[in-house]
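Examining the three-dimensional arrangement
The chain contents come next:
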Amino acid sequence: MAAPAVVIDCDPGHDDFLAILLAQRFADLRGITTVAGNTSVANTTRNACIAAGMCGFRGPVVAGAAGPLLGEPQFAEHVHGASGLDGPELPAVTRSANEGEASSFLIDACGPETWLIATGPLTNVALAIRRDPGFAARLAGISVMGGSTSYGNITPTAEFNIWADPEAASIVFNSGARLRMVGLNVTHTVLVDWPFVQRVRELDTPPARFAGDLLAAFVTAYSKMSRQPGFAPIHDPCALLWITHPGLFGSVPARVDIELAGAFTRGMTVVDLREAADITAANADVAMSADSARVLDLLYETVSAL
Ligand code: RIB
Ligand code: CA
């Protein structure tokens, strides 16, 4: 089967970085667009260029939104650090971003065969939908790392990517696009641990040493926030691998709404999983399970091949 054509819209970010490496190995990666989220868009763009250089992706990297549709950007530097890739020493940037702006690039690059993999706040995607009313229906679909059918992370009810720009998420989830949503309820079952970090490091190549340091920083950051230290969920690779290896994920169709007004729930994905739910109202396939061992195998294989 031919590798699926994908464009990644991301906010690297440790796990976004890994998703880019996986996309270059398993997909037909047509472009990378960047958005503010884990850190500033200047940093996410630089970090995407580093990832592109590390995996040999020579296609377009195009910068996008510096903040949400409403309000000011709020970064996740408590997880990813001031650089967005804290932990390893960052290598020299061997390429720069391309001219242009992300939403325009998405409109031009995402055709009927293209899956858009969204692993950051959905600002660029929402802007593309607003600018081109035919965009949502034209592309093959949008695979979103975001939301949750259960608890949040940045708040008790909201996951960071949705919370960082809930208005954008609402536009995307009401756009009519074919949507796949992989949220924390699944990504928190796909965990890297210290033995995995050590296995990667033992590959003992420059990319593997970098990836090992990246993973070590991620596990360390999550260990400080978690009742279950020693693990880190690799969120963003799940959104990509669901498209390249669909058999690794189980899902159900469901209606997903984005809470915009709740004092305690703004940014929450309200997923209707009731037995009696009207399935014809579903606007997304919502991931409910993952073959986490296989996901980790694919990540290890990807790093070992760099
Ligand atoms: O909540 C996890 C998501 O927020 C991931 O995409 C991570 O990179 C951050 O962007
Ligand atoms: Ca991300």
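The structure displayed is predicted, hence computed values, not measured ones.

1. So, the site of ligand 1
Taken together, 13 residues form the shell around ligand 1, and within it Asp15, Asn153, Glu159, Asn161 and Asp236 come nearest. Asp15 places a polar side-chain atom, nitrogen or oxygen, 2.6 Å from an oxygen atom of ligand 1. At 2.9 Å from an oxygen atom of ligand 1 is found a side-chain nitrogen or oxygen belonging to Asn161. Here ligand 1 loses 97% of its free accessible area of 270 Å² to cover by the protein chains. Those elements that place two or more of their residues in the shell around ligand 1 are α1 (14-26), α7 (160-164) and α12 (235-244). Of the residues contributing to the shell around ligand 1, the split by class is two nonpolar, six polar and five charged.

2. Observations regarding the pairing of strand β4 (residues 114-118)
For a regular strand, the rule is simple: side chains alternate between the two faces of the sheet. β4 sits mainly inside the fold: five of its five residues count as buried. Here β4 shows no split at all, with Thr114, Leu116 and Ala118 on one side and Trp115 and Ile117 on the other all buried. Pairing geometry for strand β1 (residues 5-10) and β4, over five bridges, is parallel. Each bridged residue has a counterpart across the sheet, and for Val7 the counterpart in β4 is Leu116. The pairing of β4 with strand β5 (residues 141-145) spans four bridges and is classified as parallel. Looking across to β5, one finds that Leu116 is bridged to Ile142.

3. Here we look at α1
With 13 residues, α1 should reach 18 Å at 1.5 Å per residue; the first-to-last C-alpha distance of 19 Å fits that figure. Of all the 13 residues making up α1, 11 are buried; the element is thus mostly covered by neighbouring parts of the structure. Here α1 has its buried residues at His14, Asp15, Asp16, Phe17, Leu18, Ala19, Ile20, Leu21, Leu22, Ala23 and Phe26.

4. A closer look at the coordination of the calcium ion (ligand 2)
Of the protein atoms, only Asp11 (OD), Asp16 (OD), Asp16 (OD), Thr119 (O) and Asp236 (OD) coordinate the calcium ion (ligand 2), at distances of 2.2 to 2.6 Å. Positions of the donor residues of the calcium ion (ligand 2) along the chain correspond to the pattern D-x4-D-x102-T-x116-D. Of this pair, Asp11 sits in the loop between β1 and α1 while Thr119 sits in the loop between β4 and α5 (123-131), and the two are 108 residues apart along the sequence. Neither residue differs from the other here; Asp11 and Thr119 are each classed as buried.

5. Some thoughts on the sheet that holds β5
Read across the sheet, nine strands follow the order β3-β2-β1-β4-β5-β6-β11-β9-β10 without closing on themselves; strand pairing throughout is mixed. Two strands lie at the open edges of the sheet, namely β3 (61-63) and β10 (269-272), each paired on one side alone. Mean inter-strand twist for the sheet, computed between neighbouring axes without regard to direction, equals 30°. The strands touched by helix α4 (residues 102-109) within the sheet are β1, β2 (28-34), β3 and β4, with β2 carrying the most contacts at an inclination of about 160°.

6. Comments concerning the pairing of β5
Counting buried positions over the five residues of β5 gives five, a clear majority of the element. Taking every second residue as pointing to the same face, both faces of β5 are buried, with Gly141, Ser143 and Met145 on one and Ile142 and Val144 on the other. Examined bridge by bridge, β5 and strand β6 (residues 179-182) share four bridges and lie parallel to one another. Its bridge partner being in β6, Val144 is matched across the sheet by Met181.

Calculation notes
Residues numbered from 1 in each chain as written. Chains lettered and ligands numbered in written order. Predicted model: local features only at pLDDT ≥ 70, side-chain atom pairs only at ≥ 80, totals over all residues. Heavy atoms only, no water. Near = heavy atom within 4 Å. Polar contact = N/O pair within 3.5 Å; in protein donor to acceptor, adjacent residues only side chain to side chain. Areas by Shrake-Rupley, 256 points an atom, 1.4 Å probe, with all protein chains shown as cover. Helix = DSSP H or I, 4+ residues; strand = E, 2+ residues; numbered from the N terminus. Nonpolar A, V, L, I, M, F, W, Y, C, P; charged D, E, K, R; others polar. Buried < 20%, exposed > 50% of the residue type's maximum accessible area, 1.4 Å probe, protein only. Pairing = 2+ DSSP bridges. Expected span 1.5 Å × (residues − 1). Donors = N, O, S within 2.8 Å, 3.2 Å for Na, K, Ca; no water. Axes fitted to C-alpha atoms, helices over the stretch in contact; angles between N-to-C directions. Contact = heavy atoms within 4.5 Å.

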